[in-house]
Amino acid sequence: MDIKDFVANFADQFDDTDPEMITAGTAFHDLEEWSSLIALSVLNMVNKQYGYNMTFDEMKPCVTVEDLFNFVASKVK
Amino acid sequence: MSNIRFRLAKPSDAKQIAYVHYHIRDKYDQGFFAQVNYSFLVKYYKVVLNDPCEVVVCAEDDNKKIVGFCSASLDAERQFRGMRKNKWGFVLPLITSALSNPSLIKSALDRFKSTKGESNNEYVTSKGPRAEYWGWLSGRNDSDQSVIMQDIMFYIMKMFGAEKLFFEVDKINKKIFKFHKINGAEEVKTFTMPDGRERVELVYDMNNYNFKLK
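So, how was this worked out
Residues numbered from 1 in each chain as written. Chains lettered and ligands numbered in written order. Predicted model: local features only at pLDDT ≥ 70, side-chain atom pairs only at ≥ 80, totals over all residues. Heavy atoms only, no water. Helix = DSSP H or I, 4+ residues; strand = E, 2+ residues; numbered from the N terminus. Rg over C-alpha atoms; globule rule 2.2 N^0.38 Å. Buried < 20%, exposed > 50% of the residue type's maximum accessible area, 1.4 Å probe, protein only. Areas by Shrake-Rupley, 256 points an atom, 1.4 Å probe, with all protein chains shown as cover. Salt bridge = Lys/Arg side-chain N within 4 Å of Asp/Glu carboxyl O. 1 Å grid on protein atoms, 1.4 Å probe; cavity = no way out; pocket = protein on both sides within 12 Å on 5 of 7 lines; lining within 4 Å. Points joined across faces, edges and corners; volume = space filled by probe spheres on them. Nonpolar A, V, L, I, M, F, W, Y, C, P; charged D, E, K, R; others polar. Axes fitted to C-alpha atoms, helices over the stretch in contact; angles between N-to-C directions. Left-handed = near helix turned anticlockwise from the far one by under 90°. Contact = heavy atoms within 4.5 Å. Buried area = accessible area lost by both parts, 1.4 Å probe. Core = buried A, V, L, I, M, F, W, Y, C linked by side-chain atoms within 4.5 Å. Patch = residues over 30% accessible without salt bridge, like charges linked within 9 Å, V, L, I, M, F, W, Y side chains within 5 Å. pLDDT = per-residue confidence, 0-100. Phe/Tyr/Trp six-rings, centres within 6.5 Å; stacked < 30°, edge-to-face > 60°. Lys NZ or Arg CZ within 6 Å of the ring centre and 35° of its normal.

Trainee: Would you take a moment to explain the overall build of chain B for this structure?
Mentor: Counting secondary structure elements, chain B contains seven helices and seven strands. Compactness check: chain B gives a C-alpha radius of gyration of 16 Å against a globular reference of 17 Å for 214 residues, within 12% of the reference. With the C-alpha coordinates aligned to their principal axes, the bounding extent of chain B is approximately 45 × 40 × 30 Å. The buried share of chain B, taken over its 214 residues, is 50%. As displayed, chain B offers around 10700 Å² of accessible surface, 51% of which is attributable to carbon and sulfur atoms.

In structure tokens, the structure reads:
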């Protein structure tokens, strides 16, 4: 798994947020567009692109995009 | 981010739930329920929360303030009967709502007729398990938790025997429509409301629903 691709895939889930604003260190819950729709889209992206059926509870403690990446990477090894 | 606690709503929560519902119009202002006043919604939720076939899950913050809710009926037909039984209670809040928008009276009468199958217009699914409203106060950074709130409601509906859960979304409400499609809902049919809005009936197959809870 490559973090650069993961960040790009993560940023793809947003409609109105400039992808440039999203980096590995972004605290994604604080993004203005973060919502139930985006959260669900991210779970769906993780399932489809990385083959792991992540739950909302697993996503909740992740603060940055990198935290999310590290969690998913640990599950799909 | 505050801690959110989910629980089943009680009749005494009607005012707070009506408040959350009232503020759905901050983000989406189309349709009858986005035009009626707060008093109408309070009456509506008093009836809904006294219906034994209704499942209403609400989300409370640290201050015990309700910040979100979602609702569904195990028996839409029974819910409509309950609304008809309480029709006189809606008259005053409807009149006060109509002071600023007189066309609401006609809309309300037609909706009322539709609950008895006496209207030519189609509004909502009128039989069986039906999901209704789903709202979260805007301007909060914890609205993603509404996904969990909805899953809890779905789980309860499933436990009580709902195998298919029907609901409707206006096509122009693009984000919500997209949400349900990603979440696994299937389109049943599209119909046009009397005010010209295109509305899509969708259904969740509860036996194949992907719960996002552990």
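Now that the structure is up, let's keep going.
Trainee: Would you take a moment to explain the overall build of chain A for this structure?
Mentor: Along chain A, the regular secondary structure elements total four helices and zero strands. Mapped in sequence order, the helices and strands of chain A form the string α-α-α-α. For chain A, the C-alpha radius of gyration of 11 Å lies close to 11 Å, the compact-globule estimate for 77 residues. In terms of principal-axis extent, the alpha carbons of chain A reach across some 30 × 25 × 20 Å. Counting only residues that meet the buried cut, chain A has 53% of its 77 residues in that class.

Trainee: Hey, could you run me through the pattern of salt bridges in this one?
Mentor: Note on pairing: side chains with opposite charge can pair once their charged atoms come close. All names here are of chain B. All chains considered together, the criterion is met by 14 salt bridges over all chains. Among the ionic pairs, Arg7 bridges to Asp13, the shortest N-O distance being 2.8 Å. Exposure remark for Asp13: the relative accessible area of 4% places this residue in the buried category. The partner of Arg199 in a salt bridge is Asp170, with the nearest N and O atoms 2.8 Å apart. On the criterion of sequence distance, the pair formed by Arg199 in strand 7 (residues 198-205) and Asp170 in strand 5 (residues 164-170) is long-range, its members being 29 residues apart. Classification of Arg199 by relative accessible area gives buried; the value is 11%. Looking at Asp170, the relative accessible area reads 5%, which means it is buried. Because the salt bridges share partners, they merge into one network encompassing Arg7, Lys10, Asp13 and Glu60.

Trainee: Would you explain the layout of surface pockets in this entry?
Mentor: It is the rolling of a water-molecule-sized probe over the atoms that shows where space remains empty. All names here are of chain B. Space inside the second largest pocket adds up to approximately 290 Å³. In terms of lining residues, the second largest pocket is bounded by 16 residues, among which Ser103, Ser107, Tyr123, Pro194 and Asp195 are the most central. Partitioning the lining of the second largest pocket into residue classes produces five nonpolar, six polar and five charged.

Trainee: Where do I start with the packing of helix 1 (residues 3-11) of chain A against helix 4 (residues 65-76) of chain A in this structure?
Mentor: For any two helices packed against each other, the geometry is given by the interaxial angle and the distance between the axes. All names here are of chain A. Where helix 1 meets helix 4, the axes come as close as 10 Å, and the angle between the chain directions of the two elements is 115°. Once helix 1 is placed against helix 4, the crossing between them reads as right-handed. Of helix 4, the residues touching helix 1 (which contributes Ile3, Phe6, Val7 and Phe10) are Val65, Glu66, Leu68, Phe69 and Val72. Broken down by class, the residue content of the contact of helix 1 with helix 4 amounts to eight nonpolar, no polar and one charged.

Trainee: What am I meant to see in the interface of chain A and chain B here?
Mentor: Many analyses report the size of an interface as the accessible area lost when the parts associate. Taken together, the contact between chain A and chain B spans 20 residues of the former and 18 residues of the latter. Around 1700 Å² of area is buried between chain A and chain B when both sides are counted, 61% of it from carbon and sulfur atoms. When residues of chain A are sorted by the area they lose upon contact with chain B, Leu37, Leu40 and Phe56 of chain A head the list and together hold 36% of the total. In this structure, the connection of chain A to chain B is made through two salt bridges. Lys178 of chain B is the salt-bridge partner of Asp15 of chain A, the closest N and O atoms lying 3.6 Å from each other.

Trainee: So what exactly am I meant to see when it comes to the nonpolar core here?
Mentor: Across soluble globular proteins, nonpolar side chains show a tendency to be buried alongside one another. Residues and elements named next belong to chain A. Core analysis: the biggest nonpolar cluster contains 86 residues, and Phe10, Trp34 and Met59 have the highest contact counts within it. With nine residues, helix 2 (residues 36-50) is the single largest residue contributor to this core. Leaving out residues up to four positions away in the same chain, Phe10 has contacts with Ile22, Phe28, Trp34, Val42, Met45, Val65 and Leu68.

Trainee: Please explain a nonpolar patch on the surface as it appears in this structure.
Mentor: Residue and element names in this part refer to chain B. A contiguous nonpolar patch, built from Trp88, Val91, Ile95, Leu99, Ile105 and Leu109 and spanning about 640 Å² of accessible area, is present on the exposed surface. Of all elements in the fold, only helix 4 (91-98) and helix 5 (103-114) reach the threshold of two or more residues within the nonpolar patch. Positionally, Ile105 belongs in helix 5. You can call Ile105 partly exposed: its relative accessible area is 31%.

Trainee: Please explain the confidence of the model for chain B as it appears in this structure.
Mentor: Detailed conclusions should not be drawn from predicted coordinates in areas where pLDDT is low. Residue and element names in this part refer to chain B. Taken residue by residue, chain B gives an average pLDDT of 92. The fraction at 70 or more is 100%. Mean pLDDT across the elements of chain B ranges from a minimum in helix 5, with 86, to a maximum in helix 1 (residues 14-22), with 98. Model confidence for the complex: the whole-complex pTM is 0.88, and ipTM, which rates the interface, is 0.78.

Trainee: What should I look at first to understand the packing of aromatic side chains in this one?
Mentor: How two aromatic rings sit relative to each other is given by the distance of their centres and the angle of their planes. All names here are of chain B. Evaluation of the coordinates by the stated rule reveals 23 aromatic pairs over all chains. Centroid distance Tyr209 to Phe211: 4.8 Å. Interplanar angle 80°. Geometry classified as edge-to-face. The aromatic ring of Tyr22 is capped on one face by Arg25, whose charged end is 3.9 Å from the ring centroid.

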